[in-house]
Amino acid sequence: MIRLFKANEPSPVIVQDPPDGWVLPPGVVWIDLAEPSRREELVIEACLGFPVPTLEDMAEIEATSRLYRLGDALFITVDLLHHTDALLPETRPVTFILSNQPLVTVRYSEPRAFTLVGDRFDREPDLCTGPFRVLVHLFEAVIDRMADVLERISGEVESVSDDIFVDPGHTRYAEAIKRLGTAQHASARITNSLSGLGRAVAFIQLDDDLADRPETREHLRAMSRDIHSLQAHIGMIAQAVDFQLNAALGLINIEQSGIIKIFSVAAVAFMPPTLIASIYGMNFQHMPELAQAWGYPAALVAMVISAVLPLWYFKKRRWL
């Protein structure tokens, strides 16, 4: 599907499977290729004069395959989050092609930032004025969305912290560790996306035509500051997750040690009564206590005393 955004016009034009000889309408500043067919890619290539990367090209991880110049066009590929409302967001590559022609975006997912920017242009058409301005709005929306996801992850980590430290006796540690692992995995994906976005901003800053514009430099500096602040926040979340994971494992070990200690004390405490019961359970003929009326009560008292004395000693030594 091809979405065409024209300058100062509210709604995009949707084009699917354009015919041969299709010509790009005038006034277009943003061409959004959402899961394009090969035919749609070829039509856009014919209109703009440069190749549109395929999904296989976008999946390359080398820096030279993600950030490069071809003629007058800058090709920028960044892994962006999608399904951000899920506990574990996913990432898919998105390519931005910036030139003196309309901005081209190629994507095979539905990042929330694209929907937000499209809705914003519907409400305020004056914001859609040129290719670079569209790129700035997209990058800002991506950063804002990542910040929202990080806030949710931070809240989840704080919730796990309350479960572990405020009421440790009722904590389900398996569930807590799973939640921490999910938060760490989501943070790693956001880190990867932010790193790619930071490299993209730095790559654009190296372009003489764009970097020489005062307004452009200010936008790029602001985005760089936002990216660095989010990366610092992710570092704090990673430290909190690591600390809470170690704390959870430590508390699990303490609980296990306590259980083992109880069994060990119980075994030692019941060894003397067991010994007495074993002695009087033997079937020798000459055991005078067996013929006495006081023999049974005496054996019971001896077993109780032999069990209480070790428990008293353990309590005195603070082993219990």
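Residues numbered from 1 in each chain as written. Predicted model: local features only at pLDDT ≥ 70, side-chain atom pairs only at ≥ 80, totals over all residues. Heavy atoms only, no water.

Draft legend 1. Representation of the overall build of the protein chain. Along the backbone of the protein chain there are ten helices and seven strands. Here the C-alpha radius of gyration of the protein chain, 35 Å, is well above what a compact globule of 320 residues would show, namely 20 Å. Judged by the C-alpha coordinates and their principal axes, the protein chain covers about 115 × 40 × 35 Å. Looking at the protein chain as a whole, 40% of its 320 residues are labelled buried. (Helix = DSSP H or I, 4+ residues; strand = E, 2+ residues; numbered from the N terminus. Rg over C-alpha atoms; globule rule 2.2 N^0.38 Å. Buried < 20%, exposed > 50% of the residue type's maximum accessible area, 1.4 Å probe, protein only.)

Draft legend 2. Geometry of the packing of helix 9 (residues 271-279) against helix 10 (residues 295-316). Helix 10 packs onto helix 9 with a crossing angle of 160 degrees between their chain directions and a minimal axis gap of 7 Å. Classified by the angle their axes make, helix 9 and helix 10 are roughly antiparallel. Crossing angle aside, the handedness with which helix 9 passes helix 10 is right-handed. From helix 9, Pro272, Pro273, Ile276 and Ala277 reach across to helix 10, where they touch Ala299, Ala302, Met303, Ser306 and Ala307. Its residues assigned to classes, the contact of helix 9 with helix 10 comprises eight nonpolar, one polar and no charged. (Axes fitted to C-alpha atoms, helices over the stretch in contact; angles between N-to-C directions. Parallel < 35°, antiparallel > 145°, perpendicular 65-115°, else oblique. Left-handed = near helix turned anticlockwise from the far one by under 90°. Contact = heavy atoms within 4.5 Å. Nonpolar A, V, L, I, M, F, W, Y, C, P; charged D, E, K, R; others polar.)

Draft legend 3. Inspection of the environment of Arg172 at higher detail. One can find Arg172 in the loop between helix 5 (131-165) and helix 6 (173-205). Given the relative accessible area of 64%, Arg172 is considered exposed. Distance in space between the C-alpha atoms of Arg172 and Ala248 is 9.9 Å, their sequence separation being 76 residues.

Draft legend 4. View of the nonpolar core. Core analysis: the largest hydrophobic core is formed by 54 residues, its most contacted members being Trp30, Phe96, Phe139 and Ile190. Among the elements of the structure, strand 3 (28-34), strand 5 (73-82), strand 6 (90-98), helix 4 (112-123), helix 5, helix 6 and helix 8 (214-269) are those that each provide at least two residues to this core. Examining the composition of this core, we find that 16 residues originate from one element, helix 5, more than from any other. Leaving out residues up to four positions away in the same chain, Ile190 has contacts with Leu81, Met146, Val149, Leu150, Ile153 and Ile234. With 20 residues, the next largest nonpolar core counts Trp22, Ile44, Ala73 and Val104 among its residues. (Core = buried A, V, L, I, M, F, W, Y, C linked by side-chain atoms within 4.5 Å.)

Draft legend 5. The arrangement of the pairing of strand 6 in detail. In the sheet, strand 5 pairs with strand 6 via nine bridges, with the strands oriented antiparallel. Following the sheet pairing, Leu81 is matched in strand 6 by Thr91. Relative to strand 7 (residues 103-107), strand 6 runs antiparallel, the two sharing four bridges. Pairing of Val94 across the sheet is with Arg107, part of strand 7. (Pairing = 2+ DSSP bridges.)

Draft legend 6. The packing of aromatic side chains, seen in detail. Under the criterion given, the structure shown has nine aromatic pairs. Between Phe5 and Trp30 the ring centres are 4.3 Å apart and the planes differ by 15 degrees, which places this aromatic pair in the stacked class. Within this pair, whereas Phe5 is found in strand 1 (residues 2-6), its partner Trp30 is found in strand 3, the two being separated by 25 residues in sequence. Using a relative accessible area of 1% as the deciding quantity, one classes Phe5 as buried. Where Phe165 meets Phe243, the ring centres are 5.8 Å apart and the plane angle is 20 degrees; that geometry is what we call stacked. Of this pair, Phe165 sits in helix 5 while Phe243 sits in helix 8, placing them 78 residues apart in sequence. Since its relative accessible area comes to 53%, Phe243 is described here as exposed. Taken together, the aromatic side chains of Phe5, Trp30, Phe96, Phe114, Phe121 and Phe139 make up a single cluster linked through ring pairs. (Phe/Tyr/Trp six-rings, centres within 6.5 Å; stacked < 30°, edge-to-face > 60°.)

Draft legend 7. Spotlight on helix 4. Taking 1.5 Å of rise per residue, the twelve residues of helix 4 would be expected to cover 16 Å, and the 17 Å separating its terminal C-alpha atoms lies within 8% of that figure. Looking at the buried residues of helix 4, the elements they touch are strand 1, strand 3, strand 5, strand 6, strand 7 and helix 5. (Expected span 1.5 Å × (residues − 1).)

Draft legend 8. Broad picture of the state of the cysteines. The final tally for this structure, using the stated rule, is zero disulfides. Among the cysteines around Cys47, which has no disulfide bond, Cys128 carries the closest sulfur, lying 18 Å off. (Disulfide = S-S within 2.5 Å.)

Draft legend 9. View of the pattern of salt bridges. This structure, assessed with the given rule, holds twelve salt bridges. Of the charged contacts in the structure, one is a salt bridge between Asp163 and Arg179, with a shortest N-O distance of 3.0 Å. Of the two residues, Asp163 sits in helix 5 while Arg179 sits in helix 6, which places them 16 residues apart along the sequence. On the basis of relative accessibility, which here comes to 32%, the residue Asp163 falls in the partly exposed class. Between Arg221 and Glu218 there is a salt bridge, and its shortest N-O distance comes to 3.8 Å. Residue Arg221 and its partner Glu218 are located together in helix 8, separated by three residues, close to a single helical turn. Relative accessible area serves as the criterion here: at 40%, Arg221 is assigned to the partly exposed category. The structure contains a network of salt bridges with shared partners spanning Arg3, Asp32, Arg107 and Glu110. (Salt bridge = Lys/Arg side-chain N within 4 Å of Asp/Glu carboxyl O.)

Draft legend 10. Geometry of helix 10. When the terminal C-alpha atoms of helix 10 are compared, their 32 Å separation across 22 residues agrees well with the 32 Å that a helix rising 1.5 Å per residue should span. For helix 10, every residue scored as buried is listed here: Gly295, Ala299, Ser306, Ala307, Pro310 and Phe314. The buried residues of helix 10 occupy one face: seen down the axis, they fall within an arc of 110 degrees. Of the exposed residues in helix 10, the ones pointing more than 90 degrees away from its buried face are Val304, Leu309, Trp312, Lys315 and Lys316. Downstream of helix 10 by a residue or two, Arg318 has a phi angle that is positive, lying close to 60 degrees. (Arc of directions from axis to C-beta.)

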